[in-house]
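# Secondary and tertiary structure notes
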Amino acid sequence: MRAVHNKLVRDKIPEIIEKASKTAYTHILSDEEYLSELDKKLNEECSEYQADKNIEELADMLEVMYAIAEARGWSVSELEAVRRDKVEKRGGFKDKIYLEYVEDGNE
């Protein structure tokens, strides 16, 4: 029986499959393919988080975001520095503010 996946998987998945007495057929992606598959994987993990709302899926999203940053030439520490800078300048989301609308005072 053949289960077709056609998707980016974590590095140890082929090894886990082999230990289960199955054969994993894989290939290494080009840099361009890798970035494209990472974007797909982020959407997949986001959908899974939206469905399950569990910390495992949230951790998967974070792992994919770290991989995307590194694949684009940014370190995880650079990503975190940009995040902190945005929090400092614009705030985070802790205050639960929901913007309904904005009126132009000139009207």
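Overview of the structure.

About the criteria used
- Residues numbered from 1 in each chain as written.
- Predicted model: local features only at pLDDT ≥ 70, side-chain atom pairs only at ≥ 80, totals over all residues.
- Heavy atoms only, no water.
- Core = buried A, V, L, I, M, F, W, Y, C linked by side-chain atoms within 4.5 Å.
- Buried < 20%, exposed > 50% of the residue type's maximum accessible area, 1.4 Å probe, protein only.
- Helix = DSSP H or I, 4+ residues; strand = E, 2+ residues; numbered from the N terminus.
- Contact = heavy atoms within 4.5 Å.
- Lys, Arg positive; Asp, Glu negative; His and termini not counted.
- Salt bridge = Lys/Arg side-chain N within 4 Å of Asp/Glu carboxyl O.

Take the nonpolar core next. Grouped together as the largest cluster of nonpolar side chains are five residues: Leu 8, Leu 38, Val 64, Ala 67 and Ile 68. With three residues, the top contributor of residues to this core is helix H3 (residues 55-71). Discounting chain neighbours no more than four positions away, the residues touching Leu 8 are Leu 29, Tyr 34, Glu 37, Leu 38 and Lys 41.

The subject of this paragraph is the side chain of Glu 45. Along the chain, Glu 45 falls in helix H2 (residues 31-52). For the buried Glu 45, no salt bridge exists, and the shortest N-O distance to an oppositely charged side chain is 4.1 Å, to Lys 41.

Inspection of the secondary structure puts Asn 6 in the segment before helix H1 (13-19). Assessed through its relative accessible area of 71%, Asn 6 is described here as exposed. Residues Asn 6 and Glu 78, 72 residues apart in the sequence, show an inter-C-alpha distance of 31 Å.

Moving on: the environment of Ala 67. Inspection of the secondary structure puts Ala 67 in helix H3. By relative accessible area, which is 19% here, Ala 67 ends up buried. Here the alpha-carbon distance between Ala 67 and Leu 35, two residues 32 residues apart in the chain, equals 9.1 Å. Non-local contacts of Ala 67, meaning those with residues more than four positions away in its chain, are made with Tyr 34 and Leu 38.

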